[in-house]
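Results of the structural survey
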2 protein chains.
Amino acid sequence: MHLALLDHMRKYVTITDEEATLICTKLKASTLKKKDFLLQPGKVCRANYFVSKGLLRLYFINKKEQEQITQFGLEGWWITDYDSLDTQKPSRFYIQAVEDAEVIAWDKTVQEELTQSFPQLETYFRKILQRAYAAAQRRIEYIYSYSDEERYRNFSTNFPGFVQRVPQYMLASYLGFTPQFLSKIRAKK
Amino acid sequence: MHLALLDHMRKYVTITDEEATLICTKLKASTLKKKDFLLQPGKVCRANYFVSKGLLRLYFINKKEQEQITQFGLEGWWITDYDSLDTQKPSRFYIQAVEDAEVIAWDKTVQEELTQSFPQLETYFRKILQRAYAAAQRRIEYIYSYSDEERYRNFSTNFPGFVQRVPQYMLASYLGFTPQFLSKIRAKK
DNA sequence: CGATTTTTTGAATCATATCAACGTACGTGG
DNA sequence: CCACGTACGTTGATATGATTCAAAAAATCG
């Protein structure tokens, strides 16, 4: 039984215990060691991953040959390259464990099979996507509203625990500036 | 009958003619004159809008009191403030017609009613959202990969027709820089 | 046509990047 | 469990891309 996932789903839709049992037989959990990869460029993304423990990051190598993090996956979030998952074309992204982690893989094939039988799963995923999309819109809004320094300060007051959990250079990458600049901001008091 | 919308939906899911008739009775089309608003800050967003003709923009007023466009809505795209629509809290956004336009309003109440009866609608909206979310992810990827000038040049080679359709200052706003800077880029040949 | 909206131009300024060097911490194997 | 090597963080000097402000020129609309 994948309790963390079931709890999460039941916040959005109704699932009976029998349904839960059946769904869970289709899913497999994996444990990841820090720095293990779930996805690498060139590979086709086969699943959507629910993070039940630990922390992952989704990143790519940009034009300047630098790692650019576009998303973190904390406990209770889904992480995947939807583009590759949907089109089954090779990904340009890495998904990697930042800390030891545990994920539940929801395969594309399982997705198609299960949503056939359980329409409320379709509702669940629509709601999850809606939340993810709203978050992405807010992120774009943020990028365009605030300077890099302001974004760092907002971020660390809003997520103080998270800031301590990741190396600074990853935070800088996620926020879209250099580690040196982050260091200088922090030095300013 | 809202043919543009039906065509669009049938690219993603199967809808019989009877279903189509029933669905269409729940929807209403509106025509908008250039500069008309579908949503303004402080109001609660009641619908998701399918753009069947013309061009809309979604924007907000940022910290520097400037209009910041976060999204355009072209023919065949949906546009809304998902956050306000979902939570029924007041929006911070404007949705406005850039050109004379026609939209089909898909009310939140209609959404709940229709997806009850037609599960494939849930699938349709999940797929639409997945596409929108993938686009938002790609946009963030772009912002972090290229300089403002590079982003403008990519954008205008990828969407040459679109660039001619909107005033330059809106394009600058969407791409996240000043109209003056856009003008200088263009002057450079 | 006049009024408004949009675009252009130039000079001064600012936020952030880059490079390079040095300091610190940390985990891994002996 | 210590020492070493690698990964991470800091600092300062210099460079750059983009903004701001102000004014004029051009385009569009009623």
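Structure: see above.
An account of the accompanying structure is given in this report. (Residues numbered from 1 in each chain as written. Chains lettered and ligands numbered in written order. Predicted model: local features only at pLDDT ≥ 70, side-chain atom pairs only at ≥ 80, totals over all residues. Heavy atoms only, no water.)

Looking now at the side chain of His-2 of chain B. Residue and element names in this part refer to chain B. Along the chain, His-2 turns up in the segment before helix 1 (3–10). Judged by relative accessible area, which is 15%, His-2 ranks as buried. Among the polar contacts listed, one links the side chain of His-2 to the backbone oxygen of Leu-27, at a separation of 3.4 Å. (Helix = DSSP H or I, 4+ residues; strand = E, 2+ residues; numbered from the N terminus. Buried < 20%, exposed > 50% of the residue type's maximum accessible area, 1.4 Å probe, protein only. Polar contact = N/O pair within 3.5 Å; in protein donor to acceptor, adjacent residues only side chain to side chain.)

Residue and element names in this part refer to chain B. The 4 strands lie next to each other as 1-8-3-6, forming an open sheet whose pairing is antiparallel. At either margin of the open sheet sits one strand with a lone partner, and together these are strand 1 (28–32) and strand 6 (78–79). Examined bridge by bridge, strand 3 (residues 47–53) and strand 8 (residues 101–107) share 6 bridges and lie antiparallel to one another. Across the sheet, residue Val-51 finds its bridge partner in strand 8, namely Val-103. Packing of helix 1 onto the sheet brings it into contact with strand 3, strand 6 and strand 8, and relative to strand 3 it is tilted by some 105 degrees. (Pairing = 2+ DSSP bridges. Contact = heavy atoms within 4.5 Å. Axes fitted to C-alpha atoms, helices over the stretch in contact; angles between N-to-C directions.)

What follows concerns the protein's contact with DNA strand D. By nearness alone, 18 residues border DNA strand D, and Gln-168, Ser-183 and Lys-184 of chain A together with Asp-148 and Thr-178 of chain B come closest of all. Expressed as a percentage, the sugar and phosphate content of the atoms of DNA strand D within 4 Å of the protein is 67%. One of the side-chain nitrogen or oxygen atoms of Tyr-169 of chain A is found 3.2 Å away from a phosphate oxygen of DNA strand D. Contacts to DNA strand D include Lys-184 of chain B, whose side-chain N or O atom sits 3.1 Å from a base oxygen. Residue assignment for the surface near DNA strand D shows that the elements contributing at least two residues are helix 8 (168–175) and helix 9 (179–187) of chain A together with helix 6 (148–158) and helix 9 (179–187) of chain B. The element that contributes the greatest number of residues to the surface near DNA strand D is helix 9 of chain A, accounting for 4 residues. Residue composition of the surface near DNA strand D, by class: 5 nonpolar, 7 polar and 6 charged. (Near = heavy atom within 4 Å. Nonpolar A, V, L, I, M, F, W, Y, C, P; charged D, E, K, R; others polar.)

Residues in close proximity to DNA strand C total 17 residues, the closest being Asp-148 of chain A together with Gln-168, Tyr-169, Ser-183 and Lys-184 of chain B. Close to the protein, within 4 Å, the atoms of DNA strand C belong to sugar or phosphate groups at a rate of 70%. Separating a phosphate oxygen of DNA strand C from a side-chain N or O atom of Ser-183 of chain B is a distance of 3.0 Å. Separating a base nitrogen of DNA strand C from a side-chain N or O atom of Lys-184 of chain B is a distance of 3.1 Å. Residues belonging to the surface near DNA strand C are distributed by class as follows: 5 nonpolar, 6 polar and 6 charged.

What follows is about the relation of the copies chain A and chain B. Between the two copies of this chain, the relationship is a rotation about some axis together with a displacement along it. Its rotation angle being 180 degrees, the transformation that places chain A on chain B also includes 0.0 Å of axial translation and leaves an RMSD of 0.0 Å. What the superposition gives is, in effect, a two-fold axis relating one chain to the other. A share of 100% of the interface residues of chain A reappears at the interface of chain B, consistent with the copies meeting face to face through the same patch. (Least-squares fit on C-alpha atoms with pLDDT ≥ 70 in both.)

Here we take up the packing of aromatic side chains. If you walk through the whole model with that rule in mind, you get 36 aromatic pairs over all chains. Geometrically, the ring pair formed by Tyr-59 of chain A and Tyr-94 of chain A is stacked, given 4.7 Å between the ring centres and 10 degrees between the ring planes. Here Tyr-59 of chain A is found in strand 4 (residues 56–61), whereas its partner Tyr-94 of chain A is found in strand 7 (residues 94–97), with 35 residues between them in sequence. Considered together, Tyr-59 of chain A and Tyr-94 of chain A belong to a single accessibility category, that of buried residues. One aromatic cluster in this structure is built from Tyr-12, Phe-50, Trp-78, Trp-106, Tyr-124 and Phe-125 of chain A. Positioned above the aromatic ring of Trp-77 of chain B, the side-chain terminus of Arg-131 of chain B is 4.1 Å from the ring centre. (Phe/Tyr/Trp six-rings, centres within 6.5 Å; stacked < 30°, edge-to-face > 60°. Lys NZ or Arg CZ within 6 Å of the ring centre and 35° of its normal.)

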